[in-house]
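Observations on the model geometry
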Amino acid sequence: MVEGIQSPAQVTYWLMSGRDLFLLLNLLGLACFFYIAARRILPLTRGERDLRFDRPLVRLERVLQYWLGQWKHPRYRTAGIMHILFFAGFLILATQAFSLLILGVSPNFVLPGSSGEIGHIYDIVKDYAATIVFLCMIVAAVRRIVFKPARYAVSARYGKGHPLDAIFLLALIALLMASESLFEASKAAFQAQPGQPAEFLAVLSLPWMLKNLLVSTPLPTLQSLHLGAYFVDVLTFYFLLCYRPFGIQFHVETSLFNVYFAKLDRGTVKPVRWGVSDEHLDQVKSFGVKTFEDFTWKHMLDFYSCADCGRCSDQCPANAVGRPLSPRFLTIKARDYSFQHYSMFGRASNGTPLISPGGIYSEDEIWSCTTCGACEEECPLLIQYIDKIVDLRRGMIDDGNVPQSLQKPLKALESRGNPYGKMEKKRAEWAKAKDFSQTCTVKTADAKSNADTLYFVDSITSYDDRMQSIGRATARILAAAGVNFGILGAAEKDSGHEARRFGEETLFMALRDHNVDAIKASGAQRIVTADPHAYNALKHDYKDVPPVEHISQVICREVKSGNLKLDPVENADDVYAYHDPCYLGRHNQVYDDPRQVLDAIPGLKRVEMDRCRDRSFCCGGGGLMLFYEPKEDERMGVKRVQMAAEAGANVIVTACPFCMVNIEDAIKVAGLEGKMTAIDLAELVDKQLVRPAPVQLEHDKLTSEVFA
Ligand code: SF4
Ligand code: SF4
């Protein structure tokens, strides 16, 4: 009878027993890993505070959804499905890897609970898992080498990517799968000899195929292959474990924590310093991020967790129009910086300014972001960008480093409460237009007015001649719905939404405090606005103010209840496409209400653009972004109207005055005047409202001019 195959622990290698040798290897491997991990954690201990220990159940739920459930991966179908497959494979094989390591020390080791029928099922599953992971690695490497999806490309201005790193790691994982499979296969081929108890391998799995290849191999060769495969497996495992923290595969270790500690509240901006109240901000040494150590520990963890998949930059509108910004490279450059300045040996060299001639970021790069949130929506690992960009801007503002084109509007916000520098007393002029005031009365909401609803107008609708039409449409809709509303008038100042996102925290605080006092004094019980930026500010940046709704939500409710009725569209040939404003859609998840309103207009034909809802393409940004002159190849708005044209639409509906500025402008730049028009949802509803008596509306004139 043939003797059984010897397990790695039973063999003597170079005068050392297998048990001792593998014990030593395990200890060395683990020691190396913990040393490297400790060095990688060092910058996190020097980073700023970040309070991420609240709401543990919500965080656990997100881990289940986004980490274990890989929720965002299928948004990119091929790569996503592959990732889900090898992630599942890794989870299954983690137990196998653990068992194999112990097998080197204890030859008869069997994982508790894995014997009998359960063990048999697990063996089948893990054989297939190893096969799938092996194949996925080959396909992923071929994709990166041969097909090179555009999103992996690296523009020279962003520095260098790490394509070889990715391919090397894929090869290592494939080697790990192959060595594990060979270990099993050589044992099974040995046992296939007469008189041996045969071990089952899953049909058509990688170990099964290797076994069939080896079945007539001499026994001594099989024994050598068995031991050799084990050696390769253990060495590859520890090499991978210790090598991963040097590149993009570090996310294997960090992603679970990154998802658990991810930001929970959409639409918000992090405080200047966690744990420092507004009243004590004057004691803060400096605002924002200037050096790497000014990032919070969680933001540093983000840098480690990036898988370099390129999805964020692929969705970034700034990147799409050639602005010098790629969110992916904001992360990669910071991670490279961290690896370089916090190396494995010696003292860390910290404190270098990030935005400086020798730094890793340029000023234009940081000002190019519209804070649209497309990158964050896409990232499968929930990596955040807006907070980091706002913090970097705060740092620049703190150093008096403000782009020329923004200096005037920021000054005007400070002195007049609006970026246009217009008189405060003219803030409510839009409501005094003759045609309008004859049909709709807008009162000032104050203690005497008894208005239960405050219409917060904000600066652009108050002062911009074209956008005032949105204000009047909103007021008429509220009046038609029987809402007892008023406005703050001269007592209103800019919501400060953009000032905050441009890093002007103290200016924002002054505007906010003024508005909060005025809102409280008005006695209103709820707030309505037609400006998504004001909506976002009132909802997330302000405290102690009544609940706020966007006008699209009010209209949707009133239309559903039958309180507002809508006439059919005049021209049944028109095709409408709804453009989701970033601060209504992605940041606040209001996607359905505006669409339901459009669908409630009889005869209205609506199409969706390819990039819609949470993948909406930013129009170019609102607020202060209107004043910023970025370096770009083309305008975001132009790309957006082209997308609408490709979808077959000739009317773009939006629900934001800033989108309206950008889109109307883009229609002209794209040469689509006369073929395409834009209208705000409030204007459209106002136009279609069934009224007791016909009213000549000003945007009838506006749209008829456009169509003429
Ligand atoms: S927020 Fe928008 S513009 Fe800014 S980096 Fe992300 S995707 Fe690009
Ligand atoms: S930040 Fe997220 S989406 Fe962007 S490259 Fe990294 S992992 Fe991919």
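Residue numbers run consecutively from 1 along every chain, following the written order of its sequence. To read the labels, note that chains go from A and ligands from 1, taken in the order they are written. A pLDDT threshold of at least 70 governs which residues receive local features in this predicted model, and a stricter bar of 80 or more applies before side-chain atom pairs are shown or counted, although totals over entire chains, interfaces and linings include all residues. Only heavy atoms go into the side-chain values, all of them from the structure, while hydrogens and water stay out.

1. Re the overall build of the protein chain
Strands here mean DSSP runs of E at least two residues long; helices mean DSSP runs of H or I at least four residues long; both are numbered from the N terminus. Each helix and strand in the protein chain was counted, giving 28 helices and 11 strands. Each principal axis of the C-alpha atoms in the protein chain carries an extent, and together these give about 105 × 60 × 45 Å. Counting only residues that meet the buried cut, the protein chain has 58% of its 708 residues in that class. Between two residues, a contact is recorded if the distance between any of their heavy atoms is within 4.5 Å. A fraction of 79% describes how many contacts in the protein chain between residues 6 or more apart in sequence connect residues 24 or more apart. Note on classification: 1.4 Å probe, protein chains only; a residue is buried when its accessible area is under 20% of the maximum for its type, exposed when over 50%, partly exposed between these limits.

2. Things to note about the layout of surface pockets
Reported here for the second largest pocket is a volume of approximately 770 Å³. Listing elements by their share of the lining of the second largest pocket, those giving two or more residues are α3 (77-103), α4 (116-147) and α5 (163-191). A total of six residues in the lining of the second largest pocket trace back to one element, the largest contributor, which is α4. Residue composition of the lining of the second largest pocket, by class: 11 nonpolar, 16 polar and five charged. Both cavities and pockets are sets of points on a 1 Å grid over the protein atoms alone; in a cavity a 1.4 Å probe fits but cannot get out, in a pocket the set is open with protein on both sides within 12 Å along at least five of seven lines, and lining residues sit with an atom within 4 Å of a point. Grid points are joined across faces, edges and corners, and a volume is the space filled by probe spheres set on the points. Throughout this entry, Asp, Glu, Lys and Arg are counted as charged residues, while Ala, Val, Leu, Ile, Met, Phe, Trp, Tyr, Cys and Pro are counted as nonpolar. The remaining residues, Gly among them, count as polar.

3. Focus: the packing of helix α1 (residues 18-46) against helix α9 (residues 297-305)
Each axis is a line fitted through C-alpha atoms, taken for helices only over the stretch in contact, and angles between the N-to-C directions span 0 to 180 degrees. For the pair α1 and α9, interaxial distance at closest approach is 7 Å and the crossing angle is 145 degrees. For the pair α1 and α9, the sense of crossing is right-handed. From α1, Arg-40, Pro-43 and Leu-44 reach across to α9, where they touch Trp-297, Met-300, Leu-301 and Tyr-304. Here a crossing is called left-handed whenever its near helix is offset anticlockwise from the far helix by less than a right angle, and right-handed whenever the offset is clockwise.

4. Examining the sheet that holds strand β11 (residues 677-680)
Reading across from one edge, β9-β8-β10-β11 is the order of the four strands in this open sheet, with parallel pairing throughout. Both outer strands of the open sheet, β9 (605-607) and β11, are each paired with one neighbouring strand and no more. Sheet twist, expressed as the mean angle between neighbouring strand axes with direction ignored, is 35 degrees. For strand β10 (residues 651-654) and β11, the ladder comprises four bridges, and the chain directions are parallel. In the sheet register, Ile-652 faces β11, and the bridge partner there is Ala-678. Against the sheet, helix α26 (residues 657-669) makes contact with β10 and β11, and its axis sits at roughly 170 degrees relative to β11, the strand it touches most. Relative to β11, helix α27 (residues 681-688) is tilted by about 85 degrees, and along the sheet it contacts β8 (575-578), β10 and β11. One requirement defines pairing of two strands: DSSP has to find at least two bridges between them.

5. So, empty space enclosed by the protein
Evaluation of the coordinates by the stated rule reveals seven cavities of 30 Å³ or more. What lines the largest cavity is a set of 16 residues, and nearest its centre among them are Pro-419, Asp-494, Glu-498, Gly-623 and Phe-658. Elements with a contribution of two residues or more to the lining of the largest cavity: α18 (459-463) and α20 (497-501). The element that contributes the greatest number of residues to the lining of the largest cavity is α20, accounting for three residues.

6. Details of the pattern of salt bridges
Criterion for a salt bridge: a side-chain nitrogen of Lys or Arg within 4 Å of a carboxyl oxygen of Asp or Glu. Counted by the stated rule, this structure contains 48 salt bridges. The shortest N-O distance in the salt bridge between Arg-52 and Asp-50 comes to 2.9 Å. Salt bridges sharing common partners tie together Lys-270, Asp-391, Arg-394, Arg-500, Arg-501, Glu-505 and Asp-541.

7. A word on the pairing of β11
Two faces make up the sheet, and in a regular strand the side chains alternate between them. Of the two faces of β11, both are covered, the one formed by Thr-677 and Ile-679 as well as the one formed by Ala-678 and Asp-680. Seen with its strands pointing away from the viewer, a crossover is right-handed if its path from the first strand over the helix to the second goes clockwise. Between β10 and its parallel partner β11, the chain crosses via α26, and the hand of that crossover is right-handed.

8. Here we look at the site of ligand 1
Around ligand 1, the neighbouring residues are Cys-316, Pro-317, Leu-325, Pro-327, Cys-369, Thr-370, Thr-371, Cys-372, Gly-373, Ala-374 and Cys-375. Its residues assigned to classes, the shell around ligand 1 comprises eight nonpolar, three polar and no charged. Note on definitions. A residue lies near a molecule or strand when any single heavy atom of the residue is within 4 Å of it.

9. Here we look at the pairing of β10
Side-chain alternation along β10 places Val-651 and Val-653 on one buried face and Ile-652 and Thr-654 on a second face that is also buried. Both β8 and β10 contribute to a ladder of three bridges, which runs parallel. Note on β10: the bridge partner recorded for Ala-577 is Ile-652.

10. Let's talk about α27
Among the eight residues that make up α27, seven are buried, leaving the element largely enclosed by the rest of the structure. Among all positions of α27, only Leu-681, Ala-682, Glu-683, Leu-684, Val-685, Asp-686 and Gln-688 are buried. Taking the backbone nitrogen of Ala-682 as reference, a side-chain oxygen 2.9 Å away marks Asp-680 as the first, capping residue of α27. Residues adjacent in sequence count toward polar contacts only when both atoms are side-chain atoms; beyond that, a polar contact is any pair of N or O atoms within 3.5 Å, and within protein one must be able to donate a hydrogen and the other to accept it.

11. Some remarks on the nonpolar core
In plain words, nonpolar cores are sets of buried Ala, Val, Leu, Ile, Met, Phe, Trp, Tyr and Cys residues tied together by side-chain atoms within 4.5 Å. Counting residues in hydrophobic clusters, the biggest one holds 144 residues, and the most contacted among them are Phe-292, Phe-295, Trp-430, Val-442 and Val-653. Looking at this core, the element that brings in the most residues is helix α21 (residues 505-522), giving seven residues. Once you skip the residues sitting within four places of it in the chain, Trp-430 turns out to touch Phe-436, Val-442, Tyr-455, Val-457, Thr-461, Ser-462, Gln-468, Gly-471, Arg-472, Ala-475 and Ile-487.

12. Description of the side chain of Arg-640
Along the chain, the position of Arg-640 falls in helix α25 (residues 636-646). Only four residue types enter the charge count, namely Lys and Arg as positive and Asp and Glu as negative; His and the chain termini do not. One buried charged residue, Arg-640, forms no salt bridge at all, with the nearest opposite charge on Asp-580 at 5.3 Å. A polar contact of 3.3 Å, which involves the side chain of Arg-640, links it to the side chain of Ser-616. Setting aside residues up to four positions removed in sequence, Arg-640 forms contacts with His-579, Asp-580, Met-609, Arg-611, Cys-612, Ser-616 and Phe-617.

13. Here's the deal with the packing of aromatic side chains
The criterion for an aromatic pair is that two Phe, Tyr or Trp rings (for Trp, the six-membered ring) have centres within 6.5 Å, with stacked assigned to planes under 30 degrees apart, edge-to-face to planes over 60 apart and tilted to the rest. Scanning the entire structure with this criterion turns up 31 aromatic pairs. Grouping aromatic residues by their ring pairs yields a cluster made of Tyr-13, Trp-14, Phe-22, Phe-183, Tyr-230 and Phe-231.

14. Observations concerning a nonpolar patch on the surface
Patches were defined on residues exceeding 30% relative accessible area and lacking a salt bridge, with like-charge contacts within 9 Å and nonpolar side-chain contacts (Val, Leu, Ile, Met, Phe, Trp, Tyr) within 5 Å. Shrake-Rupley sampling with a 1.4 Å probe provides the accessible areas, and residues are treated as covered by the protein chains on show and by no other component. Together, Ile-81, Leu-85, Tyr-128, Ile-132, Phe-200, Val-203 and Leu-204 make up a nonpolar patch on the protein surface, roughly 600 Å² of accessible area in all. Elements that contribute at least two residues to the nonpolar patch include exactly α3 and α4. Take Ile-81: it is sitting in helix α3. Note on Ile-81: relative accessible area 42%, which makes it partly exposed.

15. Examining α3
A helix is expected to reach a length of 1.5 Å times the quantity of its residues less one. Between its terminal C-alpha atoms α3 stretches 38 Å, which fits the 39 Å expected from 27 residues at 1.5 Å a residue. Bending of α3 peaks at approximately 35 degrees at the position of Leu-93. Fitting one axis to the seven residues ending at a residue and another to the seven starting there, the bend at that residue is the angle between the two axes.

16. A closer look at the confidence of the model for the protein chain
One number per residue, pLDDT, summarises how confident the predictor is, and it ranges from 0 to 100. Summing up the model confidence of the protein chain, the mean pLDDT is 92 and the portion of residues at 70 or higher is 96%. Note on residues 702-708: pLDDT under 50 across the span, and 11 contacts to partners over four residues away in sequence or across chains.

17. Topic: the packing of α9 against helix α12 (residues 327-341)
Two numbers describe how α9 lies on α12: the axes approach to 8 Å, and their chain directions differ by 100 degrees. The orientation of α9 relative to α12 falls into the category roughly perpendicular. For the pair α9 and α12, contact is made by Asp-302, Phe-303 and Tyr-304 and by Leu-330, Thr-331, Ala-334, Arg-335, Ser-338 and Phe-339, respectively. By residue class, the composition of the contact of α9 with α12 is five nonpolar, two polar and two charged. Oblique is the label for any angle not covered by the other classes, which are roughly parallel (under 35 degrees), roughly antiparallel (over 145) and roughly perpendicular (65 to 115).

18. Structural notes on the environment of Ala-202
Residue placement: Ala-202 occurs in the loop between α5 and α6 (206-214). Residue Ala-202 is classed as buried on the basis of its relative accessible area, which comes to 1%. For the pair Ala-202 and Val-125, spaced 77 residues apart in the sequence, the C-alpha separation amounts to 7.9 Å. Setting aside residues no more than four positions away along its own chain, Ala-202 makes contact with Ile-124, Asp-127, Tyr-128 and Trp-208.

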